[in-house]
Protein chains: 2
Amino acid sequence: MNKPGPDTMNNDTICALSTPSGTGAIAVVRISGKESLAIARGLFHPANKQLSFETMESHRQYYGEIRDDGKVLDEVLLCYFKAPHSYTGEDSVEISCHGSEYVQRRLVELLLANGCRLAEPGEYTMRAFLNGKMDLSQAEAVADLIASESKTAHRLAINQMRGGFSKKIAELRAQLLDFVSLIELELDFSEEDVEFADRTKLYQLLTELKQELAGLINSFRYGNVIKQGIPVAIIGKPNVGKSTLLNALLNEEKAIVSDIPGTTRDSIEDTIVIEGYRFRFVDTAGLRRSEDHIESLGIERTYEKIRQAAIILYICDMGSADPESLEDVLNEFRNYIQDKDKHFILVGNKIDLLAEAPAHLQEILELETVFVSAKRKENIHLLAETLVSKVKEYSLSDQVVVSSSRHFEALNKAFEAIEQVEEGFKQDLPTDLIATDLRQALHHLGSITGEVTTDEILGNIFGKFCIGK
Amino acid sequence: MNKPGPDTMNNDTICALSTPSGTGAIAVVRISGKESLAIARGLFHPANKQLSFETMESHRQYYGEIRDDGKVLDEVLLCYFKAPHSYTGEDSVEISCHGSEYVQRRLVELLLANGCRLAEPGEYTMRAFLNGKMDLSQAEAVADLIASESKTAHRLAINQMRGGFSKKIAELRAQLLDFVSLIELELDFSEEDVEFADRTKLYQLLTELKQELAGLINSFRYGNVIKQGIPVAIIGKPNVGKSTLLNALLNEEKAIVSDIPGTTRDSIEDTIVIEGYRFRFVDTAGLRRSEDHIESLGIERTYEKIRQAAIILYICDMGSADPESLEDVLNEFRNYIQDKDKHFILVGNKIDLLAEAPAHLQEILELETVFVSAKRKENIHLLAETLVSKVKEYSLSDQVVVSSSRHFEALNKAFEAIEQVEEGFKQDLPTDLIATDLRQALHHLGSITGEVTTDEILGNIFGKFCIGK
């Protein structure tokens, strides 16, 4: 990755469109860096001729024209943010122009021609981090906040952006640092064979640390699901109405739907937000057993999707289902039905084809069952309610939740290092070896908030941002 | 159309997302109306606790939080625009939030729950018009400016928005008003049978007015084409490579392409911006004569498209074309080839299949000809250059050009009224009848800039805007 390092970056003045691409009433183009005001000055002609750029106030909107080769490109509002009182911590300028595609494109072109460089993805936020406006986990939360489509994902991101998670990590580091100073003091006097640290107290501290870390690590199960959407596998024999059911659910909830690109051809994903929860529906290939190699692969993937799902919807056709064949289902999916981490729901579709409600099935199968008619859109709200009831456990109070796999990984490594420390004590290893493991734990915790970092880590993190942020 | 009238509207405080929909680094939500600041106050908590809303300065960005049920929805910048120094001329507030779909949606929901009404399409600009911030033709230009994708369409819109067209209309109206006063003076003294107005001078003035109006009316031919795109019909026998050619042109120019929705199945439109000109390519159905009714309809539509086109590209397959069959083309399209308002270009495709360049064809046919290989992307730049050379006439200096069909219609009606006046003079009609026609002409000119207007006209104009503008 040929990304400019921190030093290069801070010398360039960057620009980019900051509002979503497309046509709208207005759009905002941001400039950041030392030359922001000088570059803006070359293009912006304030309506108030008395206005001097030297005395331009920070945070004030000025009305005027952007000129392109002597002609007016647009009438705009320009706002100067004097360092360090800006998002990036550098001198910045925001220009609000009309949201025409031509004006947006041309304005950026003019800025580039006048000395700006086009911002890299996430470069504004990376600069904010490098200039100490936020720590690394907060910077990462900015991307999560922007991507958030559901209430729960938003709550997670905003808590992290506002430093809830950082504070927790800082507390753990502080505890660990106390521990390290005690150990290192012991190390300094090791030849005298003195034990300064009270070992019982140290053990207790280690146990506490491990508990806290384990709590955070476990929270990733929730955090990841909330961020990515709760995975729901839709399974069933061919022609039982899986697609119709999905569409009925979409309409019933007037839900927000988005396609996830890059999914495999045979499992199409739809996401629907219901009551603030984002569900990720995976429509799987059929379940017939097959001798055909290709089809077997498809079925293998179906089982893989089922394993990854938090909720399994087994759709059956009530017009043709009978208790015996349903009991086969019960046998086939017994593992998943008994799995405490999964919710297995039987959806009896096509009840419009039945004379009477098949309530007895539920008792026979001892399964949570919802009867619907996807075609006639009957009882779809019951299914939606059932889905939401299964994920109430994911509703967050303000406790700290890990939602980034990078943090999850770092916490796991810190946990392992602490386990090594504990093991070291048990085996009565020399203090300097124990100190090494402690420093490892500190390092991994520090990598979360960016106390220790590398250009490569930064490149990986900010490369995933959109341009303009 | 159940649109609130001007009176209702000015009492409501409205809000809407003003930036393009979708996800971005930031988004802007605008509030306008008397209660703007009061409503914002209920949601916005400035970071500076000392800040009082009573002393909040106009045009200054304040940093703070939007709270939703006690919890932070987002960290935002809020800017207050005190009436009349805002876009609408009313008290307004702009909130720059993070460009997450959830945050954008929720912020608007909170504003609605706190006393805002969702803005109608174009309502901000309609209010700007009603509050005298701009005249009607300027307001219409705002929508054109936002929709502009090409340099020429942009130039047209911005000139109109900045009042170039309004000034011209005002001049014409002033001339006409002078005329009317003279005539009406005569009318007041009509019983005395006195002719105050110098008839020769009046005739001259009428001729001048007609010329000016005719000039504007004619400019619509250019204006409309620039706004809608220059219509280019692509015709030819089946399998001569029409689609391949269009794709080659797209790639060659790294052009901006957009689909126009609502086009008929058998004529697909692509628009490409080349050197600032927007071309609207109409790929037509084949040209075979057919006894089949359905296919005949398709061919009828093809001829309709050809009639509407400014440029006709006749594509032929050089691998199979011979001078005789091309002369048939010459005969079939003689009317269009000789039409001074159209450009007929023969495109000899598949030159890769030929041993030598078929330069002699051009002489034989006396047609402008470009030889290309769409498949190998050869000479595509020549075709692009030829297209642009044909539309240089559409390049605008800063002369006033009519681009709105509403204005075109009003100008035509004004022109007809002036002709009636002229006719009246010739027939020595009573002055009061002539005065009626003059008032008609004034009325139609006034309708352009909104001196005279109705709720229905306003509804039609602003209903076409996007929400948020």
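Note: the structure precedes this text.
The written sequence of each chain sets the order in which its residues are numbered from 1. Lettering for chains starts from A, numbering for ligands starts from 1, and both go in the order in which the items are written. For this predicted model, a pLDDT threshold of at least 70 governs which residues receive local features, and a threshold of 80 or more governs which side-chain atom pairs are given and counted, while totals over whole chains, interfaces and linings are taken from all residues. The basis for every side-chain value is the complete set of heavy atoms in the structure, and neither hydrogens nor water enter the calculation.

Novice: I'd love a proper account of the overall build of chain A, names of residues and values included.
Specialist: From N to C terminus, chain A includes 17 helices and 14 strands. Each residue is placed in one exposure class: buried if its accessible area under a 1.4 Å probe, protein chains only, is under 20% of its type's maximum, exposed if it is over 50%, and partly exposed if it falls in between. In chain A, which comprises 469 residues, the proportion classed as buried is 53%. The contact criterion used is simple: two residues touch if any of their non-hydrogen atoms lie within 4.5 Å. In chain A, once contacts between residues fewer than 6 apart in sequence are set aside, the share between residues at least 24 apart is 67%. Areas reported here follow the Shrake-Rupley algorithm with a probe of radius 1.4 Å; residue values treat only the protein chains shown as occluding. Carbon and sulfur atoms provide 48% of the accessible area of chain A, an area that totals close to 21,600 Å². Secondary structure elements follow DSSP: runs of H or I of four or more residues count as helices, runs of E of two or more count as strands, with numbering from the N terminus.

Novice: How would you explain the packing of helix 5 (residues 136–147) of chain B against helix 6 (residues 151–161) of chain B if you had to name every residue and give the values?
Specialist: Residue and element names in this part refer to chain B. To get an axis, a line is fitted to the C-alpha atoms, and for a helix only the part in contact is used. The angle between two axes follows their N-to-C directions and goes from 0 to 180 degrees. The contact between helix 5 and helix 6 brings their axes to 8 Å, and the two run at 155 degrees. Considering their axes alone, helix 5 and helix 6 lie roughly antiparallel with respect to each other. In this structure, the crossing between helix 5 and helix 6 has a hand that is left-handed. Between helix 5 and helix 6, the contacting residues are Ser137, Gln138, Glu140, Ala141, Val142, Asp144 and Leu145 on the first element and His154, Ala157, Ile158, Gln160 and Met161 on the second. Should an angle lie under 35 degrees it is considered roughly parallel, over 145 roughly antiparallel, and from 65 to 115 roughly perpendicular; all remaining angles are considered oblique. Take the far helix as your reference; a near helix turned counterclockwise from it by less than a right angle gives a left-handed crossing, and one turned clockwise gives a right-handed crossing.

Novice: I'd like to hear about the sheet that holds strand 6 (residues 92–98) of chain B, residue by residue, with values.
Specialist: Residue and element names in this part refer to chain B. At least two bridges found by DSSP between two strands are what make those strands a pair. An order of 3-4-5-6-2-1-7 is seen for the seven strands of this open sheet, with the pairing classed as mixed. Only two strands of the sheet have a single neighbouring strand rather than two, namely strand 3 (44–46) and strand 7 (117–118). Pairing of strand 3 with strand 4 (residues 61–68), which is carried by three bridges, proceeds in the antiparallel orientation. Across the sheet, residue phenylalanine 44 finds its bridge partner in strand 4, namely isoleucine 66.

Novice: With reference to specific residues and values, describe the relation of the copies chain B and chain A.
Specialist: Fitting of the copies onto one another was done by least squares over C-alpha atoms, counting residues only where both copies have pLDDT of at least 70. Under the fitted operation, chain B is carried onto chain A by 0.0 Å of movement along the axis and a turn of 180 degrees, and the coordinates agree to an RMSD of 0.1 Å. Here the symmetry operator amounts to a two-fold rotation axis. Of the C-alpha atoms belonging to chain B, the one lying closest to the rotation axis is found on arginine 60 of chain B, 2.2 Å away.

Novice: Before we move on, can you summarise the interface of chain B and chain A with the specific residues and values?
Specialist: Listed as interface residues are 50 residues of chain B and, on the opposing side, 51 residues of chain A. When chain B packs against chain A, close to 4,200 Å² is buried across both sides, 57% of that on carbon and sulfur atoms. Counted as salt bridges are all cases of a side-chain nitrogen of Lys or Arg within 4 Å of a carboxyl oxygen of Asp or Glu. For the pair chain B and chain A, the interface holds six salt bridges. By the criterion applied in these results, polar contacts are pairs of N or O atoms within 3.5 Å in which, for protein atoms, one can donate a hydrogen and the other can accept it, and in which residues neighboring in sequence qualify only through two side-chain atoms. Seen at the junction of chain B and chain A, the total is 24 residue pairs in polar contact (both at pLDDT 80 or more). Elements represented by at least two residues in the side of chain B that touches chain A include exactly strand 2 (26–32), strand 4, strand 5 (71–81), helix 3 (101–113), helix 5 and helix 6 of chain B. For the side of chain B that touches chain A, the element with the most residues is strand 5 of chain B, which contributes eight residues. Amino acids outside the nonpolar list (Ala, Val, Leu, Ile, Met, Phe, Trp, Tyr, Cys, Pro) and the charged list (Asp, Glu, Lys, Arg) are all regarded as polar, and Gly is one of them. The residue makeup of the side of chain B that touches chain A, split by class, is 19 nonpolar, 16 polar and 15 charged. A quick way to say it: buried area is the sum, across both parts, of accessible area lost when two parts are put together, with a 1.4 Å probe.

Novice: I'd like to hear about the pattern of salt bridges, residue by residue, with values.
Specialist: Residue and element names in this part refer to chain A. Evaluated as defined, the whole model comprises 46 salt bridges over all chains. Note that arginine 117 and aspartate 12 form a salt bridge whose closest N and O atoms lie 2.5 Å from each other. You can see arginine 117 sitting in strand 7 (residues 117–118) and its partner aspartate 12 sitting in the loop between helix 1 (6–11) and strand 1 (14–17), a full 105 residues away along the chain. According to the relative accessible area criterion, aspartate 12 is partly exposed, its value standing at 24%. Glutamate 304 is the partner of arginine 307 in a salt bridge, and the nearest nitrogen-oxygen pair spans 3.2 Å.

Novice: If you had to explain the sheet that holds strand 5 (residues 71–81) of chain A to someone new, which residues and values would you point to?
Specialist: The pairing of strands in a sheet happens through backbone hydrogen bonds and is either parallel or antiparallel. All names here are of chain A. Strand order in the open sheet made by the seven strands is 3-4-5-6-2-1-7, with mixed pairing throughout. Each edge of the sheet is formed by a strand with only one pairing partner; in this case those strands are strand 3 (44–46) and strand 7. Of the strand pairs in this sheet, strand 5 and strand 6 (residues 92–99) are connected by five bridges, and their pairing is antiparallel. The residue of strand 6 that forms the bridge with leucine 78 is isoleucine 95. The strands touched by helix 2 (residues 36–43) are strand 2 (24–32), strand 3, strand 4 (61–68), strand 5 and strand 6; relative to strand 3, the strand with the most contacts, the crossing angle is about 75 degrees. Here helix 3 (residues 101–113) sits on the sheet and contacts strand 1, strand 2, strand 4, strand 5, strand 6 and strand 7; the angle it forms with strand 6, its principal contact strand, is near 150 degrees.

Novice: Outline the packing of aromatic side chains, supporting the account with residue identities and numerical values.
Specialist: Stacked, edge-to-face and tilted labels apply to pairs of Phe, Tyr and Trp rings (six-membered ring for Trp) whose centres lie within 6.5 Å, assigned for plane angles under 30 degrees, over 60, and everything in between, in that order. Evaluation of the coordinates by the stated rule reveals 20 aromatic pairs over all chains. On the numbers, 6.2 Å between centres and 55 degrees between planes, the contact of phenylalanine 179 of chain B with phenylalanine 425 of chain B is tilted. Of this pair, phenylalanine 179 of chain B sits in helix 7 (residues 164–188) while phenylalanine 425 of chain B is found in helix 15 (residues 405–426), placing the two residues 246 residues apart along the sequence. By the burial criterion, phenylalanine 179 of chain B is buried, and phenylalanine 425 of chain B matches it. Among the aromatic residues, those joined into a ring-pair cluster are Tyr314, Phe333, Tyr336 and Phe344 of chain A. The ring of tyrosine 87 of chain A has lysine 469 of chain A lying over it, and the distance from NZ or CZ to the ring centre is 4.3 Å. Counting as a charge over the ring demands two things of the Lys NZ or Arg CZ atom: a distance within 6 Å of the ring centre and an angle within 35 degrees of the ring normal.

Novice: So what's going on with helix 15 of chain B? Residues and values would help.
Specialist: Structural remark: α-helix, 3.6 residues per turn; residues separated by three or four positions point the same way. All names here are of chain B. Between its first and last C-alpha, helix 15 extends 31 Å over 22 residues, near the 32 Å set by a 1.5 Å rise per residue. For helix 15, the full list of buried residues reads His407, Ala410, Leu411, Ala414, Phe415, Ala417, Ile418, Val421, Glu422, Gly424 and Phe425. Where helix 15 begins, one side-chain oxygen reaches toward the backbone nitrogen of arginine 406, 3.1 Å away; that side chain belongs to serine 404. Downstream of helix 15 by a residue or two, aspartate 428 has a phi angle that is positive, lying close to 55 degrees. Here the expected length of a helix is defined as 1.5 Å per residue gap, with one fewer gap than residues.

Novice: Please set out empty space enclosed by the protein residue by residue, giving values where relevant.
Specialist: Over the atoms, a rolled probe matching the size of one water molecule traces out where space is still vacant. Space inside and on the surface of the protein is sampled on a 1 Å grid over the protein atoms alone, with a cavity defined as a set of points where a 1.4 Å probe fits but cannot get out and a pocket as an open set with protein on both sides within 12 Å along at least 5 of 7 lines; lining residues have an atom within 4 Å of a point. Grid points are joined across faces, edges and corners, and a volume is the space filled by probe spheres set on the points. Counted according to the given criterion, the structure contains one cavity of 30 Å³ or more. In this structure, the largest cavity encloses a volume near 80 Å³. At the level of secondary structure, the elements contributing two or more residues to the lining of the largest cavity comprise strand 2 and strand 6 of chain A together with strand 5 and strand 6 of chain B. Residues of the lining of the largest cavity, tallied by class, amount to five nonpolar, four polar and two charged.

Novice: For the side chain of threonine 449 of chain A, give the residues involved together with the corresponding values.
Specialist: Residue and element names in this part refer to chain A. With respect to the secondary-structure elements, threonine 449 resides in helix 16 (residues 431–449). Looking at threonine 449, the relative accessible area reads 6%, which means it is buried. Contact partners of threonine 449, with chain neighbours within four places excluded, come to Phe129, Asp135, Leu136, Ser137, Ser166 and Ile169.

Novice: I'd like a rundown of helix 3 of chain A, residues and numbers included.
Specialist: All names here are of chain A. Compared with the 18 Å implied by 1.5 Å per residue over 13 residues, the 18 Å span of helix 3 between its first and last C-alpha is a close match. Among the residues of helix 3, the N-terminal cap falls to serine 100, whose side-chain oxygen and the backbone nitrogen of tyrosine 102 are separated by 3.1 Å. Phi for glycine 115, located one or two positions after helix 3, is positive at around 115 degrees.

Novice: Report on unusual backbone geometry, specifying residues and quantitative values.
Specialist: The omega torsion of the bond from alanine 83 of chain A to proline 84 of chain A falls at 0 degrees, within 30 degrees of zero and hence cis. As for its placement among the helices and strands, proline 84 of chain A is situated in the loop between strand 5 and strand 6. Look at histidine 59 of chain B: it is not a glycine, yet its phi comes out positive at around 65 degrees. The topology assignment puts histidine 59 of chain B in the loop between strand 3 and strand 4. In this structure histidine 59 of chain B comes out as buried when scored by relative accessible area, which is 16%. Of note in this structure, aspartate 428 of chain B is not a glycine but carries a positive phi near 55 degrees. Take aspartate 428 of chain B: it is sitting in the loop between helix 15 and helix 16 (431–449). A relative accessible area of 59% means that aspartate 428 of chain B is categorised as exposed.

Novice: Provide a residue-level description of the state of the cysteines, including the pertinent values.
Specialist: Cysteine sulfur atoms are paired as a disulfide whenever they fall within 2.5 Å. Under the counting rule described, the total for this entry stands at zero disulfides over all chains. For the unlinked cysteine cysteine 15 of chain B, the closest cysteine sulfur is that of cysteine 116 of chain B, found at 4.3 Å.

Novice: Describe the pairing of strand 13 (residues 343–349) of chain A, and please don't skip the residues or the numbers.
Specialist: Residue and element names in this part refer to chain A. In terms of burial, strand 13 is a largely internal element, six of the seven residues being buried. With seven bridges joining them, strand 12 (residues 311–317) and strand 13 adopt parallel strand pairing. Within strand 13, the position partnered with leucine 313 by the bridge is isoleucine 345. Relative to strand 14 (residues 368–371), strand 13 runs parallel, the two sharing four bridges. Considered in strand 14, the bridge of valine 347 is made with valine 370.

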